[in-house]
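# Descriptive analysis of the structure
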Amino acid sequence: MSNNNSGRFIGGLMLGATIGALTGLLVAPRTGRETRQILKKSANALPELAEDLSTSVQIQADRISTTALRNWDDTLDRLKEAIAAGIEASVRDRQAIRNQEVEEESDSEILPQQADT
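Here we summarise the structure given alongside this text. All figures in this text were calculated on a predicted structure; none of them were measured in a lab. (Residues numbered from 1 in each chain as written. Predicted model: local features only at pLDDT ≥ 70, side-chain atom pairs only at ≥ 80, totals over all residues. Heavy atoms only, no water.)

Broken down by element type, the chain carries two helices and zero strands. For the chain, with 117 residues in total, the buried portion stands at 0%. As presented, the chain carries roughly 10800 Å² of accessible surface, and 59% of it is formed by carbon and sulfur atoms. (Helix = DSSP H or I, 4+ residues; strand = E, 2+ residues; numbered from the N terminus. Buried < 20%, exposed > 50% of the residue type's maximum accessible area, 1.4 Å probe, protein only. Areas by Shrake-Rupley, 256 points an atom, 1.4 Å probe, with all protein chains shown as cover.)

Here it is in structure tokens:
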């Protein structure tokens, strides 16, 4: 049963392809010779088209690469500035904490002396 359906499908496919090919030949706007000449010219133009496309892709890739490098340099500069600012803030905070600790130590030393007097 399955083979019968497969055979019908293949037969229908072949019939459809044949009808399509015949219809194409009957309604074609050009003769076979003209069509072959157009196809030959198109095939001869393909290498030049491929070269133009390759050149265009290379130019775009160079542009993208240049832009990416410029963006990377800008990002790197901003990152360096941010790290420097972070280090500077860390040093200031560390100094402030040390100053606070020194003040607390001196206050704790003064308090017992005042209690003695």
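Glancing now at a negative patch on the surface. There is a patch of like negative charges on the surface, built from D73, D74, D77 and E81. Mapped onto the elements of the fold, D73 is located in helix α2 (residues 32-116). Accessibility expressed as a relative area gives 42% for D73, which makes it partly exposed. (Patch = residues over 30% accessible without salt bridge, like charges linked within 9 Å, V, L, I, M, F, W, Y side chains within 5 Å. Salt bridge = Lys/Arg side-chain N within 4 Å of Asp/Glu carboxyl O. Lys, Arg positive; Asp, Glu negative; His and termini not counted. Charge placed at Lys NZ, Arg CZ, Asp CG, Glu CD.)

A word on the pattern of salt bridges. In total, this model carries one salt bridge according to the counting rule given. Residue R92 pairs with E88 through a salt bridge whose shortest N-O separation is 3.0 Å. Of this pair, R92 and E88 both sit in helix α2, four residues apart, which is roughly one turn of the helix. By relative accessible area, R92 is classed as partly exposed at 48%. By relative accessible area, which is 48% here, E88 ends up partly exposed.

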